[in-house]
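Spelled out, the chains give:
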Amino acid sequence: MTAQDGPQARVVAIDGPAGTGKSSVSRRLAQRVGAQYLDTGAMYRAASLGVLRAGISPDDEAAVAELVGGLLIDLHDGEDETVVLLDGQDVSSAIRDDEVTGAVSAVAANPRVREQMVELQRRVGTGRFVVVEGRDIGTVVFPAAGLKVFLTATPEARADRRHRQNLASGRDSDPAAVLASVNRRDHLDSTRAASPLRRAEDAVEFDTSDLTLEQVLDGLTELVERRIGVRR
Ligand code: DC
């Protein structure tokens, strides 16, 4: 069996740092080509919410790993976003709270949590036509994915997007502080011991700095059609 006809042949792996438009691109690409969509960041966020609700410190590695092992995390494609269930309760909105965003880096750096999440992701994606979005999808979770994409954009372009999002949602935003935060997150994500963010050697790198969402989608749709084929 070759990678072209293996159980990961119809997996589209999309990795890259925050602020590259990864979530919008992945969700819309899945809709366009008729694939399922799996947002793995939402899984780490749901795990982090469970940790916070249990009153456990995100840095307590052993307690976090044990708690997360007992959580029931379930994801469904919703109309506009992924519906995330934590122990049967819809937490799609709660996982985007600042408190969760503050805790998720520590939880996602926990090697035992990563093992559990990777297993769950493989169970959901293997054998399916699915767009999977994350940080380690092409390198660790689905190394034989039919198509691997690494989205990039300059730190300035990513900070600018985040700054505009902040203003659009009525939040205060200082461009210099946003850029510093983007650089700090990049450093943390790419230097952590467990599955640091890096481009898989066979991933197609796509720089979104000067492209619109539609332009990125057009490029990726063509790649999916060429590499995987689209069943309509
Ligand atoms: O993409 P996001 O902001 O929703 O991701 C939330 C956090 O989870 C972020 O800190 C990176 C981490 N993450 C990860 O380590 N591995 C993944 N496959 C997906 C997300």
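Residues numbered from 1 in each chain as written. Predicted model: local features only at pLDDT ≥ 70, side-chain atom pairs only at ≥ 80, totals over all residues. Heavy atoms only, no water.

1. Section: the packing of helix 2 (residues 40-53) against helix 5 (residues 111-125)
(1) Moving on: Between helix 2 and helix 5, whose axes approach to 11 Å, the crossing angle comes to 135°. Classified by the interaxial angle, the pair formed by helix 2 and helix 5 is oblique. Seen from above, helix 2 lies across helix 5 with right-handed handedness. Counting all contacts with helix 2, which are made through T40, M43, Y44 and A47, the residues of helix 5 involved are V113, R114, M117, L120 and Q121. (Axes fitted to C-alpha atoms, helices over the stretch in contact; angles between N-to-C directions. Helix = DSSP H or I, 4+ residues; strand = E, 2+ residues; numbered from the N terminus. Parallel < 35°, antiparallel > 145°, perpendicular 65-115°, else oblique. Left-handed = near helix turned anticlockwise from the far one by under 90°. Contact = heavy atoms within 4.5 Å.)

2. With respect to the site of the ligand
(1) Moving on: Neighbouring residues of the ligand: 14 residues in total, closest T40, R45, R114, D136 and R192.
(2) Moving on: Contacts to the ligand include R135, whose side-chain N or O atom sits 3.1 Å from an oxygen atom.
(3) Moving on: Protein contacts shield 94% of the accessible area of the ligand, which totals 450 Å² for the unbound molecule.
(4) Moving on: Going through the elements one at a time, helix 2 and helix 4 (98-108) are the ones with two or more residues in the shell around the ligand.
(5) Moving on: Per element, the largest residue contribution to the shell around the ligand is 4 residues, and it comes from helix 2.
(6) Moving on: The residue inventory of the shell around the ligand, partitioned by class, reads 3 nonpolar, 4 polar and 7 charged. (Near = heavy atom within 4 Å. Polar contact = N/O pair within 3.5 Å; in protein donor to acceptor, adjacent residues only side chain to side chain. Areas by Shrake-Rupley, 256 points an atom, 1.4 Å probe, with all protein chains shown as cover. Nonpolar A, V, L, I, M, F, W, Y, C, P; charged D, E, K, R; others polar.)

3. A few points about the sheet that holds strand 7 (residues 147-152)
(1) Moving on: Read across the open sheet, the 5 strands follow the order 2-6-1-7-8; overall the sheet is parallel. The open sheet has two edge strands, strand 2 (36-39) and strand 8 (204-207), and neither has a second partner. Across the sheet, the axes of successive neighbouring strands diverge by a mean angle of 20°, strand direction being ignored.
(2) Moving on: Taken together, the 4 bridges between strand 2 and strand 6 (residues 130-134) define a ladder with parallel strand orientation. Counterpart to Y37 in the pairing with strand 6 is V131.
(3) Moving on: Here helix 1 (residues 22-33) sits on the sheet in contact with strand 1 (11-15), strand 2, strand 6 and strand 7, set at roughly 175° to strand 6. (Pairing = 2+ DSSP bridges.)

4. Observations concerning the packing of helix 2 against helix 4
(1) Moving on: It is at 8 Å that the axes of helix 2 and helix 4 come closest, and there the two elements cross at 105°. Taken together, the axes of helix 2 and helix 4 lie roughly perpendicular to each other. Along the contact surface, helix 2 presents Y44, R45, A47, S48, L49, V51 and L52, while helix 4 presents E99, V100, T101, A103, V104, V107 and A108.
(2) Moving on: Classifying every residue of the contact of helix 2 with helix 4 by side-chain character gives 10 nonpolar, 2 polar and 2 charged.

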